[in-house]
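Letter by letter, the chains look like this.
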2 protein chains.
Amino acid sequence: MGIDLESASKSPSLGRVTLEDVAHLAKVSPATVSRCLNRPDSVNLDKRARVNQAIQTLGYVPHGAARALASKQSRMVGAVFPAIDNTLFGASLDAFQRTMADADYTVIVASSDYDPLREKQHVRRMLQSGIDALMLVGLVRDEETYELIGAHGIPYVTVWRLAGQQVHPAVGFDNRAAAQHLTDYLFSLGHERIGVLSGILEYNDRAQDRLAGVRDSYAKQGRTLADNHLIERPFGVEQGREMLRLIMSQETPPTAVVCGAEPLAYGAIFEAAAHNISVPGDLSVAAFDDTWLAGQISPKLTTVRTPNMEIGEEAAKYLIATLSGVQPPLPRPLETDLIIRESTGRPPAG
Amino acid sequence: MGIDLESASKSPSLGRVTLEDVAHLAKVSPATVSRCLNRPDSVNLDKRARVNQAIQTLGYVPHGAARALASKQSRMVGAVFPAIDNTLFGASLDAFQRTMADADYTVIVASSDYDPLREKQHVRRMLQSGIDALMLVGLVRDEETYELIGAHGIPYVTVWRLAGQQVHPAVGFDNRAAAQHLTDYLFSLGHERIGVLSGILEYNDRAQDRLAGVRDSYAKQGRTLADNHLIERPFGVEQGREMLRLIMSQETPPTAVVCGAEPLAYGAIFEAAAHNISVPGDLSVAAFDDTWLAGQISPKLTTVRTPNMEIGEEAAKYLIATLSGVQPPLPRPLETDLIIRESTGRPPAG
DNA sequence: TTAATTTTTGAAAGCGCTTTCAAATGATAA
DNA sequence: TTATCATTTGAAAGCGCTTTCAAAAATTAA
């Protein structure tokens, strides 16, 4: 059962160093050691010193599972993203993890591949691991996922969109308004046929919102988005190229396209170049995200800057506050900016 | 103390559902329920059915911390990357997480920002959380970090380079050989002055290896890399631009540059374009990574394809095997490919 | 100085599971 | 049928911590 003072020097790595070992060495009770770890102020100064000293010399590392079992909190939080191999969610995850680490939380991460069932699996697994809180992207998911979380009674937050009618706490921005604003701008340049290159809409409420925003803008013009001016494909440059080809081969092609995400826009721009379609001369291209490439590529991309890092950070802060007993105000919507660069302009004369 | 048969229906969410509750409902002992969870074959068929049924109706979710405490394994593994907000490590993380999830492991992730002290912090925290295994990038780190891991006796694996002299298990590829190969190619085109645009070398053995590879190639030519043809900056497009400006303003600028990572190369290409430096006419540009952009940008980038996903997957497999008692063979070096595209060519005539 | 409070401490009872060990059951051989 | 062995089962003892509760020590008031 652990080590005591003398044997410590003799057999340094004989089994795990426990809190009890520390207690022995420091000549206090285990309870006191525990207090030193959790509420140091509640213990006498010299005893605290002795304990810290003992911890030091023994190289004691608390046993998380034991703590979690006894205290009913693990100091672990979960985050499930649709994908984690891209800059977009990567930035959110990075900020989330940083903020959590600063508050001494560890983060478990998983990617759902835009699949609600897979997401549910991950949530279940995380719940089982004992997470204290959870971050999820968007609001649309398998109902059972919400039930699982509810049954465990842990706080959670959804990100990358606003709550809408829903009751779930949300940290994000108004995709719909942003899309409308962007489309309004395109209309204001004189465009009349504005196409949409969207990611897969199913299970992706952010994409749905953006499409709705475009439609709102159309409606304001007393127009409607032509069916053949909306194309839907998975996110990716290749897909962007393909979609551009498709949409430009319509009988009456659009003079501008709104892309649901930046890779799509890059694909569109590359493919346009390959077909001698001038951007923005013949076709305006706009998108969302404003990643590091947007301002570098030629033509520089007109795009809506989305608060990727802020989302991760604010979501973490919200959860941390909730966990520490503070009931934080519902997070305010984050801001987006329309960044007008070179890829958009007036429609061609003809 | 939990719920029993009748009260279950009356008060569904009154406290946590425990294994004991399941045992009651199924009319077996807790031990048997535990066996159903862990080694189902060791329990009688109809009893197993009763238990599963009970689990179902009660919505029982095992308590991870309790399991970890009793069984001495948490089914959690850790991964700390220098950064997680980029496609490169993102792809590794993604593959790692996927593979781990398939083996029913949960992954804790953190980013160290290329800072060994921060990395040590994260490792400590993860160890405390009770991870069963750990993945780390590169070999160079605070010695104490290795000691911590050693003291806990958990398996670990390092990635993104080969083990070299070191005794640490490593899943990766030979950065040095790849860099040499790339530089050889540039020399074979007739270049004589090949510059290097490197990431920060300190604490980044991958970057150091790549630089060494370039030097190897120089040595083969009986030449040496001029000091002012090596520039070192953090990874980023902006930095790439800056470095290109710097290196091209030397008295005798290089006719080719090897970039330590792709963002640097894009920066270089963009900045070259801005200064009417033709790529590859006036300057050849080559890099590492082969991300989604490399083949799309103009000029298409000559680059070394690195096995990002494979790394994550193989690292996970290695750890999973080790954890399941199989002593896996030390992982073999992964392959890289030199992908020659448009950004490299013969040096200018003059 | 002593009594009344407040603060600090330790003993002990769990937290929810796994796992040993021995008992009970079932299968097989004689 | 009975003896022998293999398979299933349950009782009980932890795993390493936290936390209540009551006792002890330190502080303040009287």
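The rules behind each value
Residues numbered from 1 in each chain as written. Chains lettered and ligands numbered in written order. Predicted model: local features only at pLDDT ≥ 70, side-chain atom pairs only at ≥ 80, totals over all residues. Heavy atoms only, no water. Core = buried A, V, L, I, M, F, W, Y, C linked by side-chain atoms within 4.5 Å. Buried < 20%, exposed > 50% of the residue type's maximum accessible area, 1.4 Å probe, protein only. Contact = heavy atoms within 4.5 Å. Least-squares fit on C-alpha atoms with pLDDT ≥ 70 in both. Pairing = 2+ DSSP bridges. Helix = DSSP H or I, 4+ residues; strand = E, 2+ residues; numbered from the N terminus. Domains from an automatic or database assignment. Buried area = accessible area lost by both parts, 1.4 Å probe. Salt bridge = Lys/Arg side-chain N within 4 Å of Asp/Glu carboxyl O. Polar contact = N/O pair within 3.5 Å; in protein donor to acceptor, adjacent residues only side chain to side chain. Nonpolar A, V, L, I, M, F, W, Y, C, P; charged D, E, K, R; others polar. Near = heavy atom within 4 Å.

Undergrad: What exactly am I supposed to notice about the nonpolar core here?
TA: For soluble globular proteins, nonpolar side chains are generally found buried alongside one another. Membership of the largest hydrophobic core comes to 56 residues, with the highest contact counts inside it found for A:Phe96, A:Met135, B:Phe96 and B:Met135. Those residues in contact with A:Phe96, other than ones at most four positions away along the chain, are A:Val77, A:Gly78, A:Ala79, A:Val107, A:Met135, A:Gly312, A:Glu313, A:Ala315, A:Ala316 and A:Leu319. A:Leu301, B:Ile231, B:Ala272 and B:Leu283 belong to the second-largest nonpolar core, a separate cluster that totals 48 residues.

Undergrad: So what exactly am I meant to see when it comes to the relation of the copies chain A and chain B here?
TA: Comparison of the two chain copies shows a relationship of rotation about an axis with a shift along it. Structural alignment of chain A on chain B gives an RMSD of 0.0 Å, achieved by rotating through 180° and translating 0.0 Å along the axis. Both chain copies can therefore be described as sitting about a two-fold axis. With an isologous cut-off of 70% or more, the 100% of interface residues of chain A that recur at the interface of chain B puts this contact in the isologous class.

Undergrad: Is there a simple way to explain the pairing of strand 10 (residues 302-305) of chain B in this structure?
TA: In the case of a regular strand, side chains alternate between the two sheet surfaces. For strand 9 (residues 284-289) of chain B and strand 10 of chain B, the ladder comprises four bridges, and the chain directions are parallel. Looking across to strand 10 of chain B, one finds that B:Asp289 is bridged to B:Arg305.

Undergrad: Even after reading the chapter, I still don't get the domain arrangement of chain A, so can you show me in this structure?
TA: The extent of an interface is frequently quoted as the accessible surface area lost upon association of the parts. Residues and elements named next belong to chain A. Taken domain by domain, chain A comprises domain 1 (5-70), domain 2 (74-173 + 308-323) and domain 3 (175-306). The gap between the C-alpha centroids of domain 2 and domain 3 is 29 Å. Contacts between the two partners involve 14 residues from domain 2 and, on the opposite side, 13 residues from domain 3. When the two sides are added together, the surface that domain 2 and domain 3 hide from each other amounts to roughly 1300 Å², 54% of it contributed by carbon and sulfur. Ranking the residues of domain 2 by area buried against domain 3 places Tyr114, Arg161 and Phe173 at the top, with a combined share of 40%. For the salt bridge of Asp209 with Arg161, the shortest nitrogen-to-oxygen distance reads 3.6 Å. Viewed at the interface, domain 3 and domain 2 are joined by seven residue pairs in polar contact (both at pLDDT 80 or more). Here the residues of the side of domain 2 that touches domain 3 are counted per class, giving nine nonpolar, three polar and two charged.

Undergrad: What should I look at first to understand the protein's contact with DNA strand C in this one?
TA: Residues in close proximity to DNA strand C total 26 residues, the closest being A:Thr32, A:Arg35, B:Leu19, B:Ser34 and B:Tyr60. A distance of 3.2 Å is found between a phosphate oxygen of DNA strand C and a side-chain nitrogen or oxygen belonging to A:Lys47. B:Ser34 is positioned such that a nitrogen or oxygen atom in its side chain is 2.5 Å from a phosphate oxygen of DNA strand C. Within the residue set of the surface near DNA strand C, elements represented by two or more residues are helix 3 (30-38) and helix 5 (64-71) of chain A together with helix 3 (30-38) and helix 5 (64-71) of chain B. Taken together, the residues that form the surface near DNA strand C break down as 12 nonpolar, eight polar and six charged.

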